[in-house]
Amino acid sequence: MRGLRVVAVALLLVTAGCGGLGGSPETATPDGTAAETADDAGGDTEALAVPGVEDGRLTDSAALVDAHRRALTNDSLESRLRSNLTQRVPTSSNTTRLVETTITQRVVAERGARPYRYRRTDRATGTTFQAWGNDTVQAVRGLQGDQVVTRRVGQPESPAAITTARPLAEYLSLGEYRVVERTTRDGERLAVLRAEGLTVEDDSGLFVRGSENVSNFSATAVVDGDGRIRSLSLTADYTIDGEAATVDLVYEVVRIGGVSFEQPGWAADIIAASGGDSENRTAAARGTAPAKHNG
């Protein structure tokens with residue numbers, strides 16, 4: 001799997017970050033109606049307009065995720081994704097066992113999602129994937145503990161992948177999300193949406209490869225007026241190989257703006273050692289896109 005695509009496995013997803021940004025489900029009124037907050041009570045009667053939300057319901061999750069992608073790439077960013085789950089891991093060429101694990105990812109990117117860095121770790125297997133990319137190339141290495149076990153160069157990830165758009169779209173399509181709270185945090189207006197229970201019939205392999213009988217699905221998303229999904233958390237029960245398990249996943253936008261970083265030396269070394277277009281390799285090693293020539 002390519003760099004960020006690993007997220008699309010069991011969690012990506014939004015497979016996880018730190019806690020919920022902008023409010024918790026407990027602040028909603030018991031009947032699920034929008035709670036009056038300091039923002040509303042202060043005389044601001046104009047409801048926060050959120051892309052894809054009409055009459056207090058998320059009716060177009062694709063529109064919301066598209067707005068999230070566009071708004072988040074307008075500046076530099078940092079996001080985190082964390083998932084606690086039970087999954088199969090191979091023990092030999094033809095056997096597996098179930099393990100409880102935590103999979104975490106961290107993404108940092110400059111404006112336009114270029115350049116970017118990515119790191120994903122699996123606690124149970126002790127594996128780490130790291131990636132660095134720009135407009136023209138991506139370098140990836142995999143580690144088992146401290147030992148590098150794979151290196152490769154390929155095409156860069158899309159801005160949609162950098163902003164976790166695909167898994168977010170999947171999770172937002174699984175339930176009926178309703179606005180349960182509108183609030184203001186640090187001067188920013190936010191909407192809290194919640195879904196209880198799945199609205200899809202086929203739950204085979206949902207959240208975790210090989211999972212079945214998914215139940216007790218609950219999810220909460222915090223969204224700003226530009227459509228950025230500032231956080232999304234979900235939980236669900238499932239069975240895998242006949243065993244009961246739970247997935248607990250949290251995505252969070254940690255920072256918007258003020259994010260900068262250097263190209264790591266290992267990425268420059270991988271690119272320099274690879275074959276292909278020398279102009280692209282040189283530009284990638286500098287952290288810039290090569291000049292485009294007409295004709």
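Residues numbered from 1 in each chain as written. Predicted model: local features only at pLDDT ≥ 70, side-chain atom pairs only at ≥ 80, totals over all residues. Heavy atoms only, no water.

Remarks on the environment of Trp266
Within the secondary structure layout, Trp266 lies in helix H5 (residues 265-273). Measuring from C-alpha to C-alpha, the distance between Trp266 and Val140 comes to 9.2 Å, with 126 residues separating the pair along the chain. Apart from the residues lying within four places of it in its own chain, the contact partners of Trp266 are Arg117, Gln130, Ala131, Trp132, Ala139, Val140 and Arg141. (Helix = DSSP H or I, 4+ residues; strand = E, 2+ residues; numbered from the N terminus. Contact = heavy atoms within 4.5 Å.)

Thoughts on the side chain of Thr86
Within the element layout of this structure, Thr86 appears in strand E3 (residues 77-90). Thr86 gets classed as buried once you look at its relative accessible area, which sits at 12%. Those residues in contact with Thr86 that lie beyond four places of it in its chain are Leu98, Val99, Glu100, Val208, Tyr238, Ile240, Ala245 and Thr246. (Buried < 20%, exposed > 50% of the residue type's maximum accessible area, 1.4 Å probe, protein only.)

Observations regarding the packing of aromatic side chains
This model, assessed by the stated rule, comprises two aromatic pairs. Their ring planes at 20° and their centres at 5.6 Å tell us that Tyr171 and Phe207 sit as a pair that is stacked. Here Tyr171, found in helix H4 (residues 165-172), pairs with Phe207, found in the loop between strand E10 (188-196) and strand E11 (211-224); they are 36 residues apart in sequence, far enough to count as distant. Residue classification places Tyr171 among the buried positions, given a relative accessible area of 1%. You can call Phe207 buried: its relative accessible area is 3%. Clustering of aromatic rings is evident, with ring pairs tying together Tyr171, Phe207 and Phe217. (Phe/Tyr/Trp six-rings, centres within 6.5 Å; stacked < 30°, edge-to-face > 60°.)

Observations regarding the confidence of the model for the protein chain
When pLDDT is averaged across the protein chain, the result is 83; 78% of the residues are at 70 or more. Contacts for the low-pLDDT stretch residues 276-295, under 50 throughout, to residues beyond four places or in other chains number 27 contacts. (pLDDT = per-residue confidence, 0-100.)

Comments concerning unusual backbone geometry
Negative phi characterises most residues that are not glycine, and trans characterises most peptide bonds. A cis geometry characterises the amide bond from Arg114 onward to Pro115, with omega recorded as -15°. Relative to the assigned elements, Pro115 resides in the loop between strand E4 (96-109) and strand E5 (116-122). Phi at Asp186 is positive, roughly 50°, even though this residue is not glycine. Here Asp186 is to be found in the loop between strand E9 (178-185) and E10. What makes Asp186 exposed here is its relative accessible area of 88%. The backbone of Phe207 shows a phi angle near 70°, a positive value even though the residue is not glycine.

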